[in-house]
Amino acid sequence: MRDPHTIIFEALITEKSTFQTESQNAYVFKVATDSNRIQVKDAIEEIFDVKVRKVNTINQSGKRRRVGRSIGFTKKFKKAVVTLEPGYEIDLL
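Residues numbered from 1 in each chain as written. Predicted model: local features only at pLDDT ≥ 70, side-chain atom pairs only at ≥ 80, totals over all residues. Heavy atoms only, no water.

Caption draft 1: Focus on the pattern of salt bridges. Using the criterion set out here, one finds three salt bridges in the structure. When the shortest N-O distance is used, the salt bridge between Arg 2 and Asp 34 registers 3.3 Å. Taken together, the residues Arg 2 in the segment before strand 1 (8-11) and Asp 34 in the loop between strand 2 (26-31) and helix 2 (37-48) connect sequence positions 32 residues apart. Since its relative accessible area comes to 30%, Arg 2 is described here as partly exposed. Given a relative accessible area of 55%, Asp 34 falls into the exposed group. Its salt-bridge partner being Glu 10, residue Lys 30 comes within 3.3 Å of it at the nearest N-O pair. One end of the pair, Lys 30, is in strand 2; the other, Glu 10, is in strand 1, with 20 residues separating them in the sequence. Classification of Lys 30 as partly exposed rests on a relative accessible area of 21%. (Salt bridge = Lys/Arg side-chain N within 4 Å of Asp/Glu carboxyl O. Helix = DSSP H or I, 4+ residues; strand = E, 2+ residues; numbered from the N terminus. Buried < 20%, exposed > 50% of the residue type's maximum accessible area, 1.4 Å probe, protein only.)

This is how it looks when you write it as structure tokens:
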């Protein structure tokens, strides 16, 4: 089994993720691109000692960026929306 810290990179804190945390008890994390939902669930439960209800994953493509005449892309990444069981919460700060 992989180390949980190699699967979960960081929490994504945006306006939308903050709203999801308050209303749906869901947290958004940047995860390894080769990980699946089961690995993400096990890693979150081990790191934060909580019970996970469900995990949704999204492959986020890189955005096109231009500097002068050259065109490139930002890095693509995978994010996971983790919904917790009622009564559990994660303190991200």
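Caption draft 2: Up close: the pairing of strand 6 (residues 77-84). Strand 6 sits mainly inside the fold: six of its eight residues count as buried. Inspection of the sheet shows strand 2 paired to strand 6 by six bridges, in the antiparallel sense. Opposite Tyr 27, over in strand 6, you have Val 82 as the bridge partner. Pairing between strand 3 (residues 52-60) and strand 6: eight bridges, direction antiparallel. (Pairing = 2+ DSSP bridges.)

Caption draft 3: Structural detail: the nonpolar core. Counting 15 residues, the largest nonpolar core has Ile 8, Phe 29, Val 40, Ile 44, Val 82, Leu 84 and Ile 90 as its most contacted members. Those elements giving two or more residues to this core turn out to be strand 2, helix 2, strand 3 and strand 6. Beyond its immediate chain neighbours, meaning those up to four positions away, Val 82 contacts Asn 25, Ala 26, Tyr 27, Phe 29, Val 40, Ile 44, Val 52, Lys 54 and Val 55. (Core = buried A, V, L, I, M, F, W, Y, C linked by side-chain atoms within 4.5 Å. Contact = heavy atoms within 4.5 Å.)

Caption draft 4: Just the sheet that holds strand 6, in detail. Ordered by their spatial adjacency, four strands build an open sheet running 1-2-6-3, and the pairing between neighbours is antiparallel. Both outer strands of the open sheet, strand 1 and strand 3, are each paired with one neighbouring strand and no more. For this sheet the average axis-to-axis angle between neighbouring strands, irrespective of direction, equals 30 degrees. Strand direction decides the pairing type here: strand 1 and strand 2, joined by three bridges, are antiparallel. By the bridge assignment for strand 2, Ala 11 is matched with Phe 29. Strand contacts of helix 1 (residues 15-24): strand 2 and strand 6, with the helix running at about 140 degrees to strand 2, the strand carrying the most contacts. This element, helix 2, spans strand 1, strand 2, strand 3 and strand 6 of the sheet and lies at about 120 degrees to strand 3. (Axes fitted to C-alpha atoms, helices over the stretch in contact; angles between N-to-C directions.)

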